[in-house]
Amino acid sequence: MSNYVLSNETRDKLMGVATPTIATALFRRGLRNQFIQDVRPLSPKKANMVGQAFTLRYIPAREDLNTLEVFRNPEHPQRAAVEQCPPGFVLVMDSRKDARAASAGSILISRLQVRGVAGVVTDGGFRDSPEIAALDIPSYHHRPSAPTNLTLHQAIEINGPIGCGDVAVFPGDVLVGDNEGVIVIPAHLADEIATETVEMTAYEDFVTEEVMNGATIIGLYPATSDAPKQKFAEWRKQKGR
């Protein structure tokens, strides 16, 4: 697990930036595959999901090892992950992009919310999805799925490297989710990405305002001369940003 600790300052910065902006900042650093594919929010939220990754990995279920009785074991990896995921972290599940059986249901997600977990992500599906959508905790999946995870998924490991929606997720990486989806920031880049994307967001807001007032994007987005940069500096002063 990474030794990186997400600071309140970096968390606050990332709360105000969109996943497309982060994707561009990561692309500048050669990282092209950080947006989790085919995963979307169960319901729109007013604020971003931001937190470090705590992972759970599933493998294909083997019937003789995956009966209902396994849930009586407090060390069962799925149950243990729900109780061990630290407050402020995001529980990320590798369900092999298979939503034919659920990764978890509303009772477990409710427990995560009460424990202060920042969010939950799976590349499979959740059961009780209407109930999960009504919770405050940000939750992301591929699609609803009623069957219990035991029918197809065997929880096997907590807090090791996983793949989620074709993205490598290492424990401690920083996840940001908005109403578009979820992106993974390598832990060692989180602070600089947060600072850079706050600046990018301010400029994008300025550009949007200019475009809505009739400006052309040529020379403005991206800025190719000092004129838009000077106008942006004046705009920031006026907006207090």
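Going by what an unreviewed UniProt entry lists, the protein chain is known as Regulator of RNase E activity RraA and is assigned to Rhizobium tropici. If you open the UniProt record of the protein chain and go to Cofactor (unreviewed entry), you find "Mg(2+)".

So, the pattern of salt bridges
Overall, the coordinates contain 14 salt bridges when judged by the stated rule. In this structure, the salt-bridge partner of Glu83 is Arg111, at a minimum N-O distance of 2.9 Å. Residue Glu83 is found in helix α3 (residues 77-84), and its partner Arg111 is found in helix α4 (residues 106-114); the two are separated by 28 residues along the sequence. You can call Glu83 partly exposed: its relative accessible area is 41%. Via salt bridges that share partners, Arg28, Arg29, Glu192 and Glu196 belong to a single interconnected network.

Some words on the domain arrangement of the protein chain
Segmentation of the protein chain into domains returns domain 1 (6-187) and domain 2 (191-237). Here domain 1 and domain 2 have C-alpha centroids that lie 33 Å from each other. Each partner contributes to the interface: domain 1 provides 13 residues, whereas domain 2 provides 11 residues. Contact with domain 2 buries area across many residues of domain 1, yet Lys13, Thr21 and Arg29 alone supply 45% of it, more than any other trio.

Some remarks on the nonpolar core
Core analysis: the biggest nonpolar cluster contains 21 residues, and Leu91, Met93, Ile109, Leu112 and Phe126 have the highest contact counts within it. If you list the elements that add at least two residues to this core, you get β2 (49-60), α3, β3 (90-94) and α4. When near neighbours in sequence (up to four residues on either side) are disregarded, Met93 contacts Leu56, Tyr58, Ser103, Ala104, Val120, Val121, Thr122, Asp123, Phe126, Ile162 and Cys164. Counting residues in hydrophobic clusters, the runner-up holds 18 residues, among them Val176, Leu189, Ile193 and Ala194.

Focus: the UniProt feature "binding site: Mg(2+)" (unreviewed entry) in the protein chain
Under the local residue numbering, the UniProt record ascribes the feature "binding site: Mg(2+)" (unreviewed entry) to Asp128. Position of Asp128 among the secondary structure elements: in the loop between β6 (125-126) and α5 (129-133).

Structural notes on a nonpolar patch on the surface
Taken together, the side chains of Val211, Ile217, Ile218 and Tyr221 present a nonpolar region at the surface, about 410 Å² in accessible area. For Tyr221, the location among the structural elements is in the loop between α6 (190-212) and α7 (226-239).

Reading guide: rules and limits
Residues numbered from 1 in each chain as written. Predicted model: local features only at pLDDT ≥ 70, side-chain atom pairs only at ≥ 80, totals over all residues. Heavy atoms only, no water. UniProt positions renumbered as here; feature names shortened; annotations may be inferred. Salt bridge = Lys/Arg side-chain N within 4 Å of Asp/Glu carboxyl O. Helix = DSSP H or I, 4+ residues; strand = E, 2+ residues; numbered from the N terminus. Buried < 20%, exposed > 50% of the residue type's maximum accessible area, 1.4 Å probe, protein only. Domains from an automatic or database assignment. Contact = heavy atoms within 4.5 Å. Buried area = accessible area lost by both parts, 1.4 Å probe. Core = buried A, V, L, I, M, F, W, Y, C linked by side-chain atoms within 4.5 Å. Patch = residues over 30% accessible without salt bridge, like charges linked within 9 Å, V, L, I, M, F, W, Y side chains within 5 Å. Areas by Shrake-Rupley, 256 points an atom, 1.4 Å probe, with all protein chains shown as cover.

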